[in-house]
Amino acid sequence: MLLSKDVEILDGLPVLFIRPLSALVCSDLHLGYEGVMADSGSFLPKINLKNAKLILSKAAKETLPECLIVDGDIKNEFSKVHAEEFNEFSEFVGFVKEDLRIKRVILIKGNHDNFIDRLKEPLGFEVHTQEALLGDFLFFHGEELPRTKEGKFLAMGHVHPAISVYNNFGMREKLRCFLYGRLKDKREIVVLPAMNYFAEGVGVNAGENLEEMAPIFKKMLDVDKMEAFCIGEDETLKFGKVGDLKKLPFK
Amino acid sequence: MIERYNVPFSAAESLESLNPFVRKWFVGKYKEPTPPQRYSFRLIKEKRNLLITAPTGSGKTFSAFMAILSDLMNMAIENKLEEKIYCIYISPLRALNNDIYRNLSVPLEEIYKEISIPVTKITAGIRTGDTPQKERQRHLAHPPNILVTTPESMAILLNSPRFAENMKELRYVIVDEIHELANNKRGVHLSLSLERLSEQIGHDFVRVGLGATLHPIEEAARFLSGYKDEHTERDCYIVDATWDKKMDYMVMSPVRDMINASDALVENSIYKTIDSIIKENTTTLVFTNTRSGTERIVYNLMKRYKYGEEHIAAHHGSLSRDVRLGVEEMLKKGKLRCAVSSTSLELGIDIGSIDNVVQIGSPKSVSRAIQRIGRSGHSFNDVAKGEMVVVNRDDLVECSVMLDAARKRRLDSFTTPKNALDVLSQHIVGMSQVKKWGVYEAYATIRKSYPYHNLEFSDFLSLLEYLSGMYVGLESRRVYAKIWYDEKEKAFGRRGKLTRLIYFLNLGTIPDAVAIDVITLENKWIGSIEEEFLSKLEPGDIFVLAGKPFRFEFSKVMKAYVSPAIGQIPTIPPWYSEQLPLSYELALEIGKFRELFSGALQKDGVGRGIFAKKRKLDKKSEAAKVLDAMPMDGNAKLAMQGYFAEQMLYAGVVPNEKLILIEKTYDGEQERNLIIFHSLYGRRVNDALSRIAAITIGEKYDADVAVNVTDNGFVIATGEELELSKKEISSVIEALNAADIVLLLKRNIRKTEMMKRRFRYCAARSFMILRNYKGRKISVRKQQINSEFLLKAAEEISPNFPIIKETYREIFDDVMDLPRAKEVIKGLAKKEISYKIIETDVPSPFSHMLVTFGSSDIIMMADRRKHLRELHRLVMKKLGVKVK
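What you see is a predicted model, and the numbers here were worked out from it, not measured in a lab.

Asks: I would appreciate a short explanation of the overall build of chain A in the present structure.
Replies: A tally of helices and strands in chain A yields seven helices and 16 strands. Relative to the globule expectation of 18 Å for 251 residues, the C-alpha radius of gyration of chain A, 17 Å, shows essentially globular dimensions. Judged by the C-alpha coordinates and their principal axes, chain A covers about 50 × 45 × 35 Å. Here the analysis covers contacts within chain A between residues at least 6 apart in sequence; of these, 63% occur between residues at least 24 apart.

Below, the structure written as structure tokens:
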């Protein structure tokens, strides 16, 4: 599904394809999640990395991209290095470069993800702190405001957007979604859903305070005017404006 | 061999078997042994395993302890009594433990007062989760001769090497309240603990089980005694003194006409009835079926009849320990006029003498009814008195048949969960900490426990694989593995430093219903509510806790903040998740009664005229002949006749155990088509039946279906678009028998909410998701990984992953009653059970409760690909957007 002239949502996947850059974009993988959870007593089966590989394989098969951009939170812990993260991270980059034959891997990282810097030489990927401007496209994670004013199309992650819906029988479900809209200065922006297997998502239409999570929602962007594209098994559907979706009955 | 012992010893024979000092004290205090004691004194002395079932107040506890005290006293006199544990008493109730400890200390003191020669003191000690550290240390240094404990603490003690040393000379284990254990995972857990104990100390011990009525009693005896080896059961005698206490009971209907009386009138009359019973007696004990019900009754009695806190009090598990102990103390001193309880006072805590027991609403099983009513009467020889006040029409029928069954001594049955893999996981972790085990040796030990006697070896191995972390890559096992396991050597044992702590801090089987503390804005603790209840509260809602109304203000990390709302009316109705299921046997009895009574009404010529006779039943009528033989008051009889007559006039059919009425109707309010199945087989059977029917419909029409299940039947709701014709319903029923039910259910249970919820519980019990790790309590929020994702992740490993397997087992065997559901379906196929489909504009009288109450679930059958589209359509419709 075309989101805008050059930007495509791949049906049923939490991944964007940007034509001029020949790039796949995804966000919030939180690799090593299970390992970190195990440290706090939840011994989850390992599936996140496997799932990420599966999604990117499908996406790559469809688009034959030259580049993969991970828009932040590729790993889970904020500061310290966790062995599980290190292992999964290396495996992931290796898979993308060798199995999927994607030449260029670009990571947007948080301010503290230091170990990633150390690996960029041996594994061969590019790293940008907080944001990266590629042509007209500005990729930033979202926990801070972008520093540059450049870029005609912005892409961010971080908030794990989802839409809360009550089904036919009054049971609540969360659907991961892309949010698409325009900043107050009219530039286009998309918020990517989390690719992490276990992330249920934040119900952006269910009273969650986005302003607290990402400063861009404070002054520059009105979430109510953004449109939600929800991801299903094999397709992605437009659910309309978040402001309208907030009117759905929740009890 | 399991054998009933039917001929009691004489009083003299029984007393002779006791040590002279113990006997002297006993005779001085009680004069004569009670009926159960006339079996137990001798049989325990003969070192027999023994199961005693008897009502409260029958001296049950002493029937076990006297013979043991006598043995210990003999040892003391011979100067052979050491600082060792000779007897362990285990009760599921902590409160009961305190009681027992006190009841043991006093006689010991009194017995020793009478002994002039110097004799070693027999000691008793208590060890539960509440026992202070200092006391625990003292037990290690100076072990008590008699240790009073809980199943959970028992499992902890097994992993304490010094305690194990102190238990080497163990002779007796008493398991109290066995009816609260034999039917659930908590009991299964204990059963394994006992086998581990026996293996660890290298010899058997005398097992004494105490409990209230339960059926089949032989099953309970097997549960208690287990197996000597692969083929042989341990011997066990059964003494059943259940019926030795006389009882007098009656069903009371608050109004004469249950159909036309308004809810308010019924409610008013219920409170009026309770009030007059309280006023007629000195001390009344009221039982409800839910905690919220308890709260409501205390609140209303206080408000309506000006009882103060010094007259009436609530007692249930959500209240703080101090509050509960206070209520028990007041009861014992005879200060309270009335105590209201859900289940907490059902068990044998000493609460002094009660004149009368009032049960509000059906307790769902004959055994429980007898147990509760049996709490009244000053002594074993007094007649126990009880009234059952019914709250609605189906309740009226249920309670009347229940008390009638009690009079005829027909009991409902229980089953013990078999081969529960989550409970076994915990014990394997515990066992591995004690020593290095050969796989076959461990398997043999486990199989001595009755619930695991038929454990598949492959299931046992799959647990070893899971626990040794074989489901993750080698590099992660350091973190994931909880045991060391060598497949080639066929041995397992300890691994990791943290595992010991994991075992201690996370063992137990009590469901992880998360308790939320309720606190006032001034930080005063009131009680707790379940997380599920909290999720229904919105700021401003008024609910009742500890007999007082509170306004919900806000919630913050596991705490609900409230402010007092004196004099305000609760806005939150009670919640039904706590409801117990009706037993299958009783459901059949009700079915038979329906047939009998509707037949009688038929003969009487039921017509509109029946409602004109308001005061009394026509004495000569067939209806009166049936009802006069049952323990019902006049109101109840009239209400019963009215209810049945209405159903006959409206629907022309009264469903019974051989006739399932199927009603096709429409729910205008919620815009959905309903198919109501009047299948009176109890909720556990209906749970299975309803899902099988729902799945069949869902698959055939590729639609999502909702079910609502009750004891009396179930309702299938399809959306507004799908309406089945009578013929289509018929073919669904014909299809039921052709289907491979287990396969069908298994494939589709997966799509229900229940599966996800239960899987999470099983994962917690199997130590996959810990509540407590590295000494830190883990916040529920952190544990809250979406259950669906969690389950899917486990399935990725293998669809036969032991925790998944256990989840299915629990659903099929414990939650549902699949075997009996199959019988019903077979009965339908063989035409032993017939069905009739009718169409109604509004649901018939017998289905009103079916539609309104019960537990619901949703079965997502429609193609997942279509699911997003369906949600999309729904959202667009609600927003008023047209989609092409």
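Back to the text.
Asks: Even after reading the chapter, I still don't get the interface of chain A and chain B, so can you show me in this structure?
Replies: By a frequent convention, interface size equals the accessible area lost on bringing the separate parts together. Counting residues at the interface gives 32 residues for chain A and 36 residues for chain B. The set of elements that each furnish at least two residues to the side of chain A that touches chain B consists of α1 (33-39), α3 (83-99) and β16 (236-241) of chain A. Per-element tally for the side of chain A that touches chain B: the top contributor is β16(A), with three residues.

Asks: Explain helix α20 (residues 499-506) of chain B to me, please; I cannot follow it from the model alone.
Replies: For the α-helix, the turn length of 3.6 residues means that residues three or four positions removed from each other point alike. All names here are of chain B. Turning to α20, its buried residues number three or more, namely T499, I502 and Y503. Each buried residue of α20 sits inside an arc of 95 degrees when the element is viewed along its axis, so together they form one side. The inward-facing, buried residues of α20 contact α16 (421-434) and β27 (772-773). Positive phi appears at G508, one or two residues downstream of α20, with a value of about 120 degrees.

Asks: Is there a simple way to explain the pairing of strand β5 (residues 146-149) of chain B in this structure?
Replies: Remember that side chains alternate between the two faces of the sheet whenever the strand is regular. Residue and element names in this part refer to chain B. In β5, alternate side chains face the same way, and those of I146 and V148 on one face and L147 and T149 on the other are all buried. Across four bridges, strand β3 (residues 87-90) lies against β5 in parallel orientation. Opposite Y89, over in β5, you have V148 as the bridge partner. As defined by bridge partners, strand β4 (residues 124-127) adjoins β5 across four bridges and the pair is classed as parallel. Bridge assignment links R127 to a residue of β5, and that residue is T149. Regarding the hand of the β-α-β motif, the stretch spanning β4, helix α6 (residues 133-141) and β5 is right-handed.

Asks: What is the right way to read unusual backbone geometry from this model?
Replies: Residues other than glycine predominantly adopt negative phi, and peptide bonds predominantly adopt the trans conformation. Residue and element names in this part refer to chain B. Residue P216 follows H215 across a cis peptide bond; omega there is 0 degrees. Secondary-structure assignment places P216 in the loop between β7 (206-211) and α10 (217-225). Not every positive phi belongs to a glycine, and E177 is a case in point at roughly 50 degrees. Among the secondary structure elements, E177 is positioned in the loop between β6 (172-175) and α9 (185-201).

Asks: Can you walk me through the sheet that holds strand β16 (residues 483-486) of chain B in this structure?
Replies: Within a sheet, each strand pairs with its neighbour through backbone hydrogen bonds, oriented either parallel or antiparallel. All names here are of chain B. Spatially, three strands are ordered β15-β17-β16 in an open sheet, and the strand pairing comes out antiparallel. Whereas interior strands pair on both sides, the edge strands pair on one side only; in this sheet they are β15 (437-438) and β16. Bridge count between β15 and strand β17 (residues 491-494): two bridges; the pairing is antiparallel. Its bridge partner lying in β17, G438 is registered against A491.

Reading guide: rules and limits
Residues numbered from 1 in each chain as written. Chains lettered and ligands numbered in written order. Predicted model: local features only at pLDDT ≥ 70, side-chain atom pairs only at ≥ 80, totals over all residues. Helix = DSSP H or I, 4+ residues; strand = E, 2+ residues; numbered from the N terminus. Rg over C-alpha atoms; globule rule 2.2 N^0.38 Å. Contact = placed C-beta atoms within 7 Å. Buried ≥ 20, exposed ≤ 12 C-beta atoms within 10 Å, placed from the backbone. Arc of directions from axis to C-beta. Pairing = 2+ DSSP bridges. Right-handed = clockwise from strand over helix to strand, strands pointing away.

Any functional reading would require information that these geometric values do not contain.
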